[in-house]
Amino acid sequence: MKILHLDSNHDLLIHQLNDLGFTNHEDFTSSKALVEASIHEYDGIVIRSRFTIDKQFLDAAKNLKFIGRVGAGLENIDCDYAEQKGVYLISAPEGNRNAVGEHTLGMLLSLFNKLNKADAQVRSGKWLREDNRGIELDGRTVGLIGYGNMGKAFAKKLRGFDVEVLCYDIKSNVGDANAKQVSLTEFQDKVEVLSMHTPQTPLTLNMINTEFINQFKNPLWFLNTARGKSVVTTHLVSAIKSGKILGAGLDVLEYEKASFESLFSSQMPEAFQYLINSEKVLLTPHVAGWTVESKEKLAQTIVDKIKAKFC
């Protein structure tokens, strides 16, 4: 079987696939059209986020048996059409879930203790202790929307705190010792910290909007290390201005391109300008799952799943 690698990844991925008898080719620079012209020669694709794999591309890939995405989600692939054509889809949420859990906790603690604001002030010669008095996480109720690999990893990190952890998920019976699954009504009645851990689907697109936010009884601290298009940014900004959102930690943004490799396809939106100037907002460039360790674990997960299916 011939595999085409469209993004650079940890070296172990190709080395181990070579050892398993696969033929591996790399193409990190050709246009999508050029790749599409030769994709019929390959049995497998390994991609991260370089471009979307749509119906036209899949029709050209006449011998394709699998697509391995070195990441947690598959939204840059037309999954329904791929499955109709018998293409086996592989993702690797097991590889970066711990990284996401740690990053989400880091964002939360940074917001509660005003670390980004305090750091900037000290660097500019200001020593304002009372202005940077923080708050404590203990005693609060943390709510996770989505309780799969990422949600479970974050809940596990919260075990060292005296907090109640609730989860809401469209699947039943996903709660465990680290998070109690509740109805949306109970979730919105109790939660003080809201963290997103959902894939990008038609159900989650624009999910966090004014109507949804206002259904929560308490003012919220909001975290999103999942997908940016789950949030209507203008509505989030309005909620921050009104005090309904007390602070936000955003690793992902609505404005990201579908490839996740760059931010804007046009001029910087006004709502984003507000976010970057707000001391209540902490921003990172879609790196929650992007650690030295996760790079290796993501690659190993893809190898293991290819081996289990095709060897």
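Residues numbered from 1 in each chain as written. Predicted model: local features only at pLDDT ≥ 70, side-chain atom pairs only at ≥ 80, totals over all residues. Heavy atoms only, no water.

Draft legend 1. Quick peek at helix H11 (residues 270-277). Among all positions in H11, only Ala-271, Phe-272 and Leu-275 are buried. Within H11, the buried residues cover an arc of 95° as seen down the axis, which keeps them to one side. With respect to the buried face of H11, the exposed residues turned more than 90 degrees away are Glu-270 and Asn-277. (Buried < 20%, exposed > 50% of the residue type's maximum accessible area, 1.4 Å probe, protein only. Helix = DSSP H or I, 4+ residues; strand = E, 2+ residues; numbered from the N terminus. Arc of directions from axis to C-beta.)

Draft legend 2. Up close: the sheet that holds strand S3 (residues 44-47). Strand order in the open sheet formed by 5 strands is S2-S1-S3-S4-S5, with parallel pairing between adjacent strands. Each edge of the open sheet is held by one strand with a lone partner, namely strand S2 (23-26) and strand S5 (88-90). Taking the axes of each pair of neighbouring strands and ignoring which way they run, one obtains an average angle of 15° across the sheet. Here strand S4 (residues 66-69) pairs with S5 via 3 bridges, running parallel. By the bridge assignment for S5, Phe-66 is matched with Tyr-88. This element, helix H12 (residues 292-310), spans S4 and S5 of the sheet and lies at about 155° to S5. (Pairing = 2+ DSSP bridges. Axes fitted to C-alpha atoms, helices over the stretch in contact; angles between N-to-C directions. Contact = heavy atoms within 4.5 Å.)

Draft legend 3. Fine view of helix H1 (residues 11-19). Of the residues making up H1, those classed as buried are Leu-12, Leu-13, Ile-14 and Leu-17. Looking at the packing, one finds that the buried side of H1 touches strand S1 (2-5), S2, S3 and H12.

Draft legend 4. View of the nonpolar core. Counting residues in each nonpolar core, the largest one holds 29 residues, and the members touching the most others are Phe-187, Leu-194, Ile-208, Phe-222, Ile-245, Leu-250 and Leu-275. Of all the secondary structure elements, the ones that give two or more residues to this core are strand S9 (193-196), helix H9 (210-214), strand S10 (220-224), helix H10 (233-242), strand S11 (245-250) and H11. Per-element tally for this core: the top contributor is H10, with 4 residues. Setting aside its immediate chain neighbours within four residues, Leu-194 contacts Gly-143, Ile-145, Phe-187, Ile-208, Phe-216, Leu-220, Trp-221, Phe-222 and Leu-223. Ranked by size, the runner-up nonpolar core spans 21 residues in total, among them Leu-144, Cys-167, Trp-221 and Leu-223. (Core = buried A, V, L, I, M, F, W, Y, C linked by side-chain atoms within 4.5 Å.)

Draft legend 5. Main features of the packing of helix H5 (residues 93-112) against helix H7 (residues 149-157). Two numbers describe how H5 lies on H7: the axes approach to 8 Å, and their chain directions differ by 50°. Classed by the angle they form, the pair H5 and H7 counts as oblique. The way H5 lies across H7 gives a crossing that is right-handed. Between H5 and H7, the residues in contact are Pro-93, Glu-94, Asn-96, Arg-97, Asn-98, Val-100, Gly-101, Glu-102, Thr-104, Leu-105 and Leu-108 and Asn-149, Met-150, Ala-153, Phe-154 and Lys-157, respectively. Residue composition of the contact of H5 with H7, by class: 7 nonpolar, 5 polar and 4 charged. (Parallel < 35°, antiparallel > 145°, perpendicular 65-115°, else oblique. Left-handed = near helix turned anticlockwise from the far one by under 90°. Nonpolar A, V, L, I, M, F, W, Y, C, P; charged D, E, K, R; others polar.)

Draft legend 6. Molecular detail of the sheet that holds strand S7 (residues 164-168). Spatially, the 7 strands line up as an open sheet ordered S8-S7-S6-S9-S10-S11-S12, and their pairing is parallel. Each end of this open sheet is capped by a strand with a single partner; those strands are strand S8 (180-181) and strand S12 (281-283). Along the sheet face, H10 touches S10, S11 and S12 and points at about 140° away from the line of S11.

Draft legend 7. Broad picture of the pattern of salt bridges. Under the criterion given, the structure shown has 13 salt bridges. Residue Lys-180 is joined to Glu-186 by a salt bridge in which the shortest nitrogen-to-oxygen separation is 3.9 Å. Three or more residues joined by partner-sharing salt bridges are found here, namely Lys-117, Asp-131 and Glu-279. (Salt bridge = Lys/Arg side-chain N within 4 Å of Asp/Glu carboxyl O.)

Draft legend 8. Highlighting empty space enclosed by the protein. As enumerated under the stated definition, the model contains 1 cavity of 30 Å³ or more in all. Size it by volume and the largest cavity reaches roughly 60 Å³. Residue lining of the largest cavity: Asn-224, Gly-228, Val-231, Thr-233, Leu-236, Leu-250, Val-252, Leu-253, Glu-254 and Leu-275, and that is the complete set. Within the lining of the largest cavity, the residues separate by chemical class into 6 nonpolar, 3 polar and 1 charged. (1 Å grid on protein atoms, 1.4 Å probe; cavity = no way out; pocket = protein on both sides within 12 Å on 5 of 7 lines; lining within 4 Å. Points joined across faces, edges and corners; volume = space filled by probe spheres on them.)

Draft legend 9. Expanded view of the side chain of His-197. Here His-197 shows up in the loop between S9 and H9. The exposure class of His-197 is buried, given its relative accessible area of 8%. Among the polar contacts made by the side chain of His-197, one reaches the side chain of Ser-195 at a distance of 2.7 Å. If we ignore the near neighbours within four places in the chain, the residues touching His-197 are Thr-104, Leu-144, Ile-145, Gly-146, Met-150, Gly-151, Phe-154, Thr-225 and Ala-226. (Polar contact = N/O pair within 3.5 Å; in protein donor to acceptor, adjacent residues only side chain to side chain.)

Draft legend 10. Representation of the layout of surface pockets in the model. Approximately 190 Å³ is the volume attributed to the second largest pocket. Surrounding the second largest pocket, 13 residues form its lining, Leu-111, Lys-114, Trp-221, Glu-279 and Lys-280 being those nearest its centre. Of all elements in the fold, only H5, helix H6 (115-123) and S11 reach the threshold of two or more residues within the lining of the second largest pocket. The residue inventory of the lining of the second largest pocket, partitioned by class, reads 5 nonpolar, 3 polar and 5 charged.

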